[in-house]
Amino acid sequence: MSDSEEESQDRQIKIVVLGDGACGKTSLAMRFAQESFGKQYKQTVGLDFFLKRITLPGNLNVTLQVWDIGGQTIGGKMLDKYIYGTQGVLLVYDITNYQSFENLEDWLSMVKKVNEESETQPFVALVGNKIDLEHMRTVKADKHQRFCQENSLGSYFVSAKTGDSVFLCFQRAAAEILGIKLNKAEIEQSQRVVKADIVNYSQEPVTRMVNPPRSSMCTIQ
Ligand SMILES: Nc1nc2c(ncn2[C@@H]2O[C@H](COP(=O)(O)OP(=O)(O)OP(=O)(O)O)[C@@H](O)[C@H]2O)c(=O)[nH]1
Ligand SMILES: [Mg+2]
């Protein structure tokens, strides 16, 4: 096979999504791969796979294999096998659930343990999910940033519900893994604007007082 034929083939990247149960891993993977979101929580038993083809600058087609790991697998026998050989790890927590942030130490140490002997270390990013629930946030942004600095992690705040920054986070992980620099325009293009829910106020007609009744009392000071 010639070089050019080889280059025209899609590259495959494995990205593992880890974090506590209900922090939104499946929702993120579904938002990224299928542009959908479900409010109903359905626990992932074991793991699920999602495939998504994206194009990076330079017309480079990349297929992302997203391994969505159930939160309950922590401490289980299979987890190291799921993590093994991955090129990217998204460590996800729920910004409204402090415990899910604290437990990332355990998830990260699992990633380190599995890759102890390997020559290349995976690209790891910290992902604070449910940013649409900012008013319920219990994990301060500076805690998030400190954890990133201490462990040299990429850093994202996303919402699987609104789609905010979800594509960006997978796209940048893929770019980092392949050593491709994204320019500002490419980053901005994939940053989605947060969609606000439209509140449906009561449809009752507003009664306007055309000629408000005048007070019959008048005080002169
Ligand atoms: N408001 C809000 N809810 C979210 C968001 N992402 C996920 N959820 C909700 O959080 C719940 C759990 O989401 P899942 O994606 O199933 O969580 P998970 O991390 O895959 O959980 P396990 O499979 O048990 O590990 C669901 O009810 C989702 O609808 C988000 O960005 N915002
Ligand atoms: Mg899940």
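Predicted model only: the values in this text are computed from it and were never measured.

Definitions and cut-offs
- Residues numbered from 1 in each chain as written.
- Chains lettered and ligands numbered in written order.
- Predicted model: local features only at pLDDT ≥ 70, side-chain atom pairs only at ≥ 80, totals over all residues.
- Heavy atoms only, no water.
- Near = heavy atom within 4 Å.
- Polar contact = N/O pair within 3.5 Å; in protein donor to acceptor, adjacent residues only side chain to side chain.
- 1 Å grid on protein atoms, 1.4 Å probe; cavity = no way out; pocket = protein on both sides within 12 Å on 5 of 7 lines; lining within 4 Å.
- Sits in = over half its atoms within 2 Å of the grid points.
- Helix = DSSP H or I, 4+ residues; strand = E, 2+ residues; numbered from the N terminus.
- Nonpolar A, V, L, I, M, F, W, Y, C, P; charged D, E, K, R; others polar.
- Pairing = 2+ DSSP bridges.
- Axes fitted to C-alpha atoms, helices over the stretch in contact; angles between N-to-C directions.
- Contact = heavy atoms within 4.5 Å.
- Donors = N, O, S within 2.8 Å, 3.2 Å for Na, K, Ca; no water.
- Buried < 20%, exposed > 50% of the residue type's maximum accessible area, 1.4 Å probe, protein only.

Draft legend 1. Molecular detail of the site of ligand 1. The environment of ligand 1 is formed by 25 residues, the closest being K25, S27, K39, Y41 and G71. The separation between an oxygen atom of ligand 1 and a polar main-chain atom of G24 is 2.9 Å. Contact distances for ligand 1 include 2.9 Å between an oxygen atom and a backbone N or O atom of A160. Structurally, ligand 1 is housed in the largest pocket. The dominant element in the shell around ligand 1, judged by the number of residues it contributes, is helix α2 (residues 25–34), at three residues. Looking at the shell around ligand 1 residue by residue, the classes come out as six nonpolar, twelve polar and seven charged.

Draft legend 2. How the structure looks around the sheet that holds strand β5 (residues 123–129). A sheet is described by the order of its strands in space; here six strands give the open sequence β2-β3-β1-β4-β5-β6, paired in mixed fashion. Sheet topology places β2 (47–56) and β6 (154–157) at the edges, where each strand pairs with a single neighbour. Adjacent strand axes in the sheet meet at a mean angle of 25° when their direction is disregarded. The strands touched by α2 are β1 (11–18), β2, β3 (60–69), β4 (88–94) and β5; relative to β2, the strand with the most contacts, the crossing angle is about 40°. Strand contacts of helix α5 (residues 104–114): β1, β4 and β5, with the helix running at about 170° to β4, the strand carrying the most contacts.

Draft legend 3. Region of the structure containing the coordination of the magnesium ion (ligand 2). At the metal site, the magnesium ion (ligand 2) is ligated by T26 (OG1) and T44 (OG1), and these contacts range over 2.0 Å. Here T26, found in helix α2, pairs with T44, found in the loop between α2 and β2; they are 18 residues apart in sequence, far enough to count as distant. You can call T44 buried: its relative accessible area is 11%.

Draft legend 4. Focus on the pairing of β2. Looking at chain direction, β2 and β3 are connected through ten bridges and run antiparallel. When the bridges of β3 are listed, L51 appears paired with Q65. Linking β2 back to β3 in an antiparallel pair, the connection comprises three residues, with G58 at a positive phi of about 85°.

Draft legend 5. Geometry of unusual backbone geometry. Phi is positive for A22, which is not a glycine, with a value near 70°. Within the secondary structure layout, A22 lies in the loop between β1 and α2. In this structure A22 comes out as partly exposed when scored by relative accessible area, which is 37%. In the Ramachandran plot, N59 falls in the positive-phi region, its phi being about 55° despite a non-glycine side chain. With respect to the helices and strands, the residue N59 is situated in the loop between β2 and β3.

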